[in-house]
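Chain by chain, the residues:
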Amino acid sequence: MRLILAPMEGVMDHDMRDLLTSVNTFDLCVTEFVRVTDTLLPNRVFYRTCPELKQGSRTSNGTLVRLQLLGSSPEYLALNAARAVKLGSPGIDLNFGCPAKGVNKNKGGAILLREPGLLFDIVKSVREAVPAEFPVTAKIRLGYEDKSLFMDNACAIQEAGASELVVHARTKAEGYRPPAHWEYINKIRERLNIPVIANGEIWNHEDAQRCMTVSGCSDLMVGRSSLTTPNITNMIRECVGPMPWSDVLQLILQLGDRDRENDKWLYHPSRMKQWLNYLRKAYPEAQNLFERVRAMNDADEMVSVVNQNCMQTTKKVDKKT
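Here is a short report on the structure shown in this document. Small disclaimer: the values here were computed from a predicted structure and weren't measured.

## Brief notes about the side chain of N199
Consideration 1: Looking at the secondary structure, you find N199 in strand β7 (residues 196-199).
Consideration 2: Of the polar contacts made by the side chain of N199, one reaches the side chain of K139; its length is 3.3 Å.
Consideration 3: Separated by 2.9 Å, the side chain of N199 and the backbone oxygen of M221 make a polar contact.
Consideration 4: Once residues within four sequence positions are removed from consideration, N199 is found in contact with K139, V166, V167, H168, A169, I185, M221 and V222.

## Remarks on unusual backbone geometry
Backbone geometry follows two general trends: most residues other than glycine have a negative phi, and most peptide bonds adopt the trans configuration.
Consideration 1: Going from P178 to P179, the amide bond is cis rather than trans, its omega being 0°.
Consideration 2: Assignment of secondary structure puts P179 in the loop between β6 (164-168) and α7 (182-191).
Consideration 3: One non-glycine residue, E201, lies in positive phi territory at about 60°.
Consideration 4: Looking at the element boundaries, E201 is found in the loop between β7 and α8 (205-215).
Consideration 5: Even without being a glycine, D263 presents a positive backbone phi close to 60°.
Consideration 6: Mapped onto the elements of the fold, D263 is located in the loop between α11 (245-261) and α12 (268-279).
Consideration 7: For D263, a relative accessible area of 69% corresponds to the exposed category.

## Let's talk about the packing of aromatic side chains
Consideration 1: For the structure shown, the criterion picks out two aromatic pairs.
Consideration 2: Their ring planes at 85° and their centres at 5.0 Å tell us that F150 and Y184 sit as a pair that is edge-to-face. Of this pair, F150 sits in helix α6 (residues 150-159) while Y184 is found in helix α7, placing the two residues 34 residues apart along the sequence.
Consideration 3: Residue classification places F150 among the buried residues on the basis of a relative accessible area of 13%.
Consideration 4: Taking 5.4 Å as the distance between ring centres and 40° as the angle between the ring planes, the aromatic pair formed by W245 and Y283 counts as tilted. Taken together, the residues span a long stretch of sequence, with W245 in helix α11 and Y283 in the loop between α12 and α13 (284-293) at a distance of 38 residues.
Consideration 5: According to the relative accessible area criterion, Y283 is buried, its value standing at 5%.
Consideration 6: Directly above the aromatic system of Y176 lies the positively charged group of R141, at a separation of 4.9 Å from the ring centroid.
Consideration 7: For the cation-ring pair, K187 lies above Y184, with the distance from its terminal atom to the ring centre recorded as 4.7 Å.

## Details of the pairing of β6
Consideration 1: For β6, the tally of buried residues reaches five of five residues, placing the bulk of the element in the interior.
Consideration 2: Along β6, one buried face is formed by E164, V166 and H168 and the opposite face, lined by L165 and V167, is buried too.
Consideration 3: Judged from the five bridges that link them, strand β5 (residues 136-141) and β6 form a sheet pairing that is parallel. The partner of R141 across the bridge, within β6, is H168.
Consideration 4: In this fold, the crossover linking β5 to β6 by way of α6 has right-handed handedness.
Consideration 5: Pairing of β6 with β7, which is carried by four bridges, proceeds in the parallel orientation.

## Observations concerning the pattern of salt bridges
Once the charged atoms of two side chains with opposite charge are near each other, the side chains can pair.
Consideration 1: Summed over the entire model, instances satisfying the criterion amount to 20 salt bridges.
Consideration 2: Between R258 and D15 there is a salt bridge whose closest N-O contact spans 3.6 Å. Of this pair, R258 sits in helix α11 while D15 sits in helix α1 (residues 14-22); the two residues are 243 residues apart in sequence, bridging distant segments of the chain. Of the two residues, R258 and D15, both sit in the buried class.
Consideration 3: With its nearest N and O atoms 2.7 Å apart, the salt bridge here joins K147 to E174. Residue K147 is found in the loop between β5 and α6, and its partner E174 is found in the loop between β6 and α7; the two are separated by 27 residues along the sequence.
Consideration 4: Its relative accessible area of 18% is what places K147 among the buried residues.

Each value, and the rule that gives it
Residues numbered from 1 in each chain as written. Predicted model: local features only at pLDDT ≥ 70, side-chain atom pairs only at ≥ 80, totals over all residues. Heavy atoms only, no water. Helix = DSSP H or I, 4+ residues; strand = E, 2+ residues; numbered from the N terminus. Polar contact = N/O pair within 3.5 Å; in protein donor to acceptor, adjacent residues only side chain to side chain. Contact = heavy atoms within 4.5 Å. Buried < 20%, exposed > 50% of the residue type's maximum accessible area, 1.4 Å probe, protein only. Phe/Tyr/Trp six-rings, centres within 6.5 Å; stacked < 30°, edge-to-face > 60°. Lys NZ or Arg CZ within 6 Å of the ring centre and 35° of its normal. Pairing = 2+ DSSP bridges. Right-handed = clockwise from strand over helix to strand, strands pointing away. Salt bridge = Lys/Arg side-chain N within 4 Å of Asp/Glu carboxyl O.

Below you can see the structure in the form of structure tokens.
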């Protein structure tokens, strides 16, 4: 089994990847997308999205990081893919699944699932621009409004030369609403000759087992569950429960330290609330902390509250032991 950390726009940046790979056994991370229009982007754009390029394209604990591109121009996606690989990315991932309205409005992400021919042209151009030893992968949903083109899209991507395909088992219209339709991934897997990776509604060991059974895939990609239960790979691989809340608090404090160092301090309150919003789905303590900080906009004040919560949690643990 391979477990891959999904790209999540506005959430899964370099610091979050580094934190999550420090407590997990991911086999690969995929970056947030680099948006490509009609220009060859300067090096700094790639380094901003993927600072790991400067350290062998790996997180601090050695987890490999692959850069993702998003756009609709075969020519310029190819040019930028070639540049990204020269800068150190161990391959290229192509985003055909982002459901964001702003992205789709500008002909990026999931809206391209309406045009299998364009998917073919993009993948083919990128494949030809990237040396053969580097994988060119793609991530799709089952469709835009409906699933009528799910197989056409998957086949177009394979025929264009993709190395493997990640399938989020929902359409753009279905968003993130349960269920994920893993049975469609199985149909794709049975048809294609390249590896297929399943994605969608994998929250724990039991979900992973069901997904593998229904989809027939041995490799999985997880996104939101990695933020809800930060030790998700251990949960999946070892059938354990979520990590203790006290350990989660330490991760939150580490994110604060990183944001202060990396000039993200101004945005730390929104980043902390965003993470707590995921965590409260698994931790009652996160709900309580979220209620305490939701009206705050000062980073120092919020970190102080987290520190207080951390000390209170430690005292409770000490009393129990």
